[in-house]
Amino acid sequence: MSNAVSTAEKSSMAAAGGPVGTRGYKGGGLAWLTLPALVVFVVFAIVPLVGVIILSFTSWDGIGAIGSAGLSNWLSVFSDPGLYNSLGLTFLIMIASWLVQTPISLLLGVFTAGSQRYRAALAVLYFLPLLLSSAAVAIAYKALLDPNFGLATGLGLPLLAQDWLGVPQLAVGLVIFVIAWQFVPFHTLIYQGGVRQIPKSLYEAAQIDGAGTVKQFFSITLPQLKYTIITSSTLMVVGSLTYFDLIFVLTGGGPGNSTRILALDMYLRGFRANLMGPASVIAVVLVVIGLVLALFLQRLGGKDKQSSQLEGL
Amino acid sequence: MKQSQTSRRSFLALAALVPLAAVTTTACGTSGPGSSSGGGASMWYLTGEPNQTIEQKAVDAFNSANPNNKISTTFFQNDAYKTKIKTAIGAGQAPTIIYGWGGGTLKAYAEANQVDDLTSWFDQNPDVKNKFFPSVFGAATVNGKIYAIPNQYIAPIVLFYNKELFAKAGVQPPKTWDDIMSLVKTFNGMGVAPFALGGQSRWTSMMWLEYLLDRIGGAGVFKAIFEGKPNAWMDPAVIETGTKIQELVSADGFIKGFSSITADSNADQALLFTGKAAMMLHGSWTYGSMKKDGQNFVQNGKLGFVNFPTVAGGKGDPKNGVGNPAQYMSISSKASDAEKESAKKFFKDGILTDTVLTAYVNTGSVPIVNGIEDKLSTSADKDFLNFVYDMAKNAPNFQQSWDQALSPTAAEALLNNIDQLFLKSITPQQFAQNMNATLGK
């Protein structure tokens, strides 16, 4: 997972116009270098994608023979109000996650980018959740939040003794919180790296001109982090389409359908209800939404991504 | 030229992002265990004591007696197992011995030719067949053929109660639905939750509907549903069942936060034996785990148990039971001949041996073996064991758990709608309509 993330981050950093120097390609002689990435891409993305598209036109219970179903899966899924509930929830969690995580990780990133030793010590604490798997995080929170045997009862804090995972509205809020708890460290790390790449001379010049810390943040740090923000947002938005393990263990989509996001809906239809056809339809919907969002966020970086942020340095 | 480079790069960036997205959704699947050598067969079973140890010991004993036919075991949590086994079977990665609860799920496997027909094997081994209660073969039979060997114990759903709390409140265990509603008031007044419930697991909530529908409408209502008769779910008894459940929820009949409690954590049982809840409707198998975890709660005679109450004006026989008639083991048709041979040997010599029988009886379960009465009567848990045995024996109708009896598709829809019914996010009418749409699926 972390490997995949860092690869993704590197390549999108490059695409998003990380410093482009003189190292341009000289013709097609080096095209074979893309081969490993291409093979992985075809095997793990294109082939399953084609498979899923084919499956979406079939009826299959995951156990027996596969039969043709024509358009019936598509019609049944799109006439099912459950799909729109899941879609709405997915976007709600996506937007809320972005709104919660971006400011926190941006500020933490700027803070931990400083060279003071106490900041490094605190950074270690901030990055701890990165070491934990989603399932472990979910199980831990589930135990802590248990309405009868949880932390609140143990410590005697009536304010915390809510039925966090049993009331639909609270459960959605809690899912957003736990996702933020788990992923803020990762985005903090991205911002920390971004901030450390901003040349010191910019800040020195600003200080001479009499700009305070706040002014420096808004006039130098934020604009310089433009592409880092786009990268982090892309990962957040596309990633939020696929939050699965955490919610699956934490709430299982419940109570009722109140946290049944698209990825979970796909899983439950496919592997619990043995309806692989409709589950594949949802998988295709997920891919389309993911691609559209990713392309849109790439566009935000501006048409001419080669333009420098460091003009005149 | 420059522009085309850019787009190639963003293409690759996307190429890196999209599989990342795909990986996170699919990473939960792991491959099944590889086929073991030496004709050994594999078996998956459930975690959770005391049964996990009993089954492991049964396998160990069989393995040391049959070094050439060893069985390897892997253990999974109950709710996780139900999904895992289906996926593994579909992917051709199933263990040799497929553990389950028979019924609709077994039917799906049998119709896809994923499990072996054992009818002729039983004919060749009449001793094995005659060992078990005859009634337990019903859920193992698909289209007249037997696809699984019954195993373990009969597990009816029982209404457990905390005797200490009942004595403190000066009340008697419920005999009618009206008793239940008045007990709810009494215990809420004492600051004790009337019923423990692990609602997040959903099949726990389903047990309430199974009994209520039987008591209100009789066994015929679900029989019609099971047979897929048109509009079977629209029976007025279904609506009344849903209405009664929502009345109970509205009266705070269940523990606060029941919809976030899972049965796999055994928190529902803990609520009962720690005195935070007065009653619990649950499978008879929880007797064994409460005996183990309850710090002498069971041993000191504080656990009471009764049959589910009657409902005024209801058509159901109050002696009817619901639950699991037995657990079942099938043989994967994808296994090698040597593995199948080992599995059959295990079925013959390793299942419910005398040692295993005694171990189950000692933990408060009634094994599905003929002539078990003597063993039950001499056990320390004879009150409970005889209660379960008599209930199973005298029940005019013993209904298999709905989620096992129905097809997986209908069962998932059922569990989802039950969850919403308990949350009161759908009305009993909507529940009936939603379920009616799943008939025949």
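The model shown is predicted, which means the values in this text are computed figures rather than measured ones.

Rules used in this analysis
- Residue positions are given per chain, counted from 1 along the sequence in the order it is written.
- Chains carry letters from A onward and ligands carry numbers from 1 onward, assigned in written order.
- With the structure being a predicted model, the display of local features is reserved for residues of pLDDT at least 70 and the display and counting of side-chain atom pairs for 80 or more, all residues being used for whole-chain, interface and lining totals.
- Here a helix means four or more residues in a row that DSSP labels H or I, a strand means two or more in a row labelled E, and each is numbered from the N terminus.
- Residues are called buried when their C-beta atom has 20 or more other C-beta atoms within 10 Å, exposed when it has 12 or fewer, and partly exposed otherwise; all C-beta atoms are positioned from the backbone.
- The contact criterion used is a C-beta to C-beta distance within 7 Å, with each C-beta placed from the backbone.
- For a compact globule the rule gives 2.2 Å times the number of residues to the power 0.38, and the radius of gyration it is set against comes from C-alpha atoms.
- The term nonpolar core means buried Ala, Val, Leu, Ile, Met, Phe, Trp, Tyr and Cys residues held together as one set by C-beta atoms within 7 Å.
- Note on scores: pLDDT gives the predictor's confidence for each residue, bounded by 0 and 100.
- In this analysis, strands are considered paired if DSSP registers two or more bridges between them.
- By convention, a crossover is right-handed whenever its connection, traced from the first strand over the helix to the second and viewed with the strands pointing away, goes clockwise.
- Axis definition: a line fitted to C-alpha atoms, limited for helices to the stretch in contact. Angles are taken between N-to-C directions and run from 0 to 180 degrees.
- Angles are sorted into four bins: roughly parallel if under 35 degrees, roughly antiparallel if over 145, roughly perpendicular if 65 to 115, and oblique for all others.

Student: Can you lay out the overall build of chain A for me, pointing to particular residues and giving the numbers?
Tutor: Helix and strand counts for chain A come out as 14 helices and 2 strands. Expressed as a percentage of its 313 residues, the buried residues of chain A come to 40%. Once local pairs closer than 6 in sequence are excluded, the contacts in chain A between residues at least 24 apart make up 70%.

Student: Which residues make up the overall build of chain B, and what are the values?
Tutor: A count of helices and strands for chain B gives 20 helices and 14 strands. Relative to the globule expectation of 22 Å for 441 residues, the C-alpha radius of gyration of chain B, 24 Å, shows essentially globular dimensions. Seen through its C-alpha atoms, chain B measures out along the principal axes to roughly 80 × 70 × 45 Å. Across the 441 residues in chain B, those meeting the buried criterion constitute 54%. Here the analysis covers contacts within chain B between residues at least 6 apart in sequence; of these, 79% occur between residues at least 24 apart.

Student: Give me the environment of Leu406 of chain B: which residues, what numbers.
Tutor: Residue and element names in this part refer to chain B. Inspection of the secondary structure assignment puts Leu406 in the loop between helix H18 (402-405) and helix H19 (408-422). Note: C-alpha distance between Leu406 and Gly189 (217 residues apart in sequence) is 40 Å. Each residue touching Leu406, except ones within four places of it in the same chain, is listed here: Gly104, Ala411 and Leu414.

Student: Lay out the nonpolar core in plain terms, naming residues and giving numbers.
Tutor: Ranked by size, the top nonpolar core spans 194 residues in total, and within it Ala263 of chain A together with Phe195 and Ala277 of chain B carry the most contacts. Counting residues per element, this core draws most heavily on helix H8 (residues 168-196) of chain A, at 12 residues. Beyond its immediate chain neighbours, meaning those up to four positions away, Ala277 of chain B contacts Val192, Ala193, Phe195, Ala196, Ile255, Leu271 and Leu272 of chain B.

Student: Quick rundown of the confidence of the model for chain A? Include the residues and the values.
Tutor: Averaged over chain A, the pLDDT score is 84; the fraction of residues at 70 or greater is 87%. Contacts for the low-pLDDT stretch residues 1-22 of chain A, under 50 throughout, to residues beyond four places or in other chains number 34 contacts.

Student: Which residues make up the pairing of strand S1 (residues 41-46) of chain B, and what are the values?
Tutor: All names here are of chain B. Most of S1 is tucked away: 5 of the 6 residues are buried. As defined by bridge partners, S1 adjoins strand S2 (residues 71-76) across 6 bridges and the pair is classed as parallel. Paired with Met43 across the bridge in S2 is Thr73. On the question of chirality, the crossover connecting S1 to the parallel S2 by way of helix H2 (residues 51-65) is right-handed.

Student: Pulling in residues and values, what's your account of the packing of helix H4 (residues 81-113) of chain A against helix H5 (residues 117-127) of chain A?
Tutor: Residues and elements named next belong to chain A. Where H4 meets H5, the closest approach of the two axes is 8 Å, and the angle between their N-to-C directions is 140 degrees. Regarding the angle of H4 to H5, the classification is oblique. When H4 is examined against H5, the residues Leu108, Phe111 and Thr112 are found in contact with a partner set consisting of Arg119, Ala123 and Tyr126.

Student: Give a description of unusual backbone geometry that names residues and reports values.
Tutor: Residue and element names in this part refer to chain B. If you check the backbone angles, Asn266 has positive phi at about 60 degrees while not being a glycine. With respect to the helices and strands, Asn266 occurs in the loop between helix H11 (236-250) and helix H12 (267-273). Residue classification places Asn266 among the partly exposed residues on the basis of 18 C-beta atoms within 10 Å. Look at Gln295: it is not a glycine, yet its phi comes out positive at around 50 degrees.

Student: Which residues make up the pairing of strand S3 (residues 97-100) of chain B, and what are the values?
Tutor: Residue and element names in this part refer to chain B. By the alternation rule, side chains of S3 split into Ile97 and Tyr99 and Ile98 and Gly100, which are all buried. Of the pairings in the sheet, the one linking S3 to strand S12 (residues 327-331) comprises 4 bridges and is antiparallel in character. Directly across from Gly100, in S12, lies its bridge partner Tyr328.

Student: Before we move on, can you summarise the confidence of the model for chain B with the specific residues and values?
Tutor: The predicted model of chain B has a mean per-residue pLDDT of 86, with 91% of residues at 70 or higher. Predicted as a complex, the structure gets a pTM of 0.82 and an ipTM equal to 0.78.

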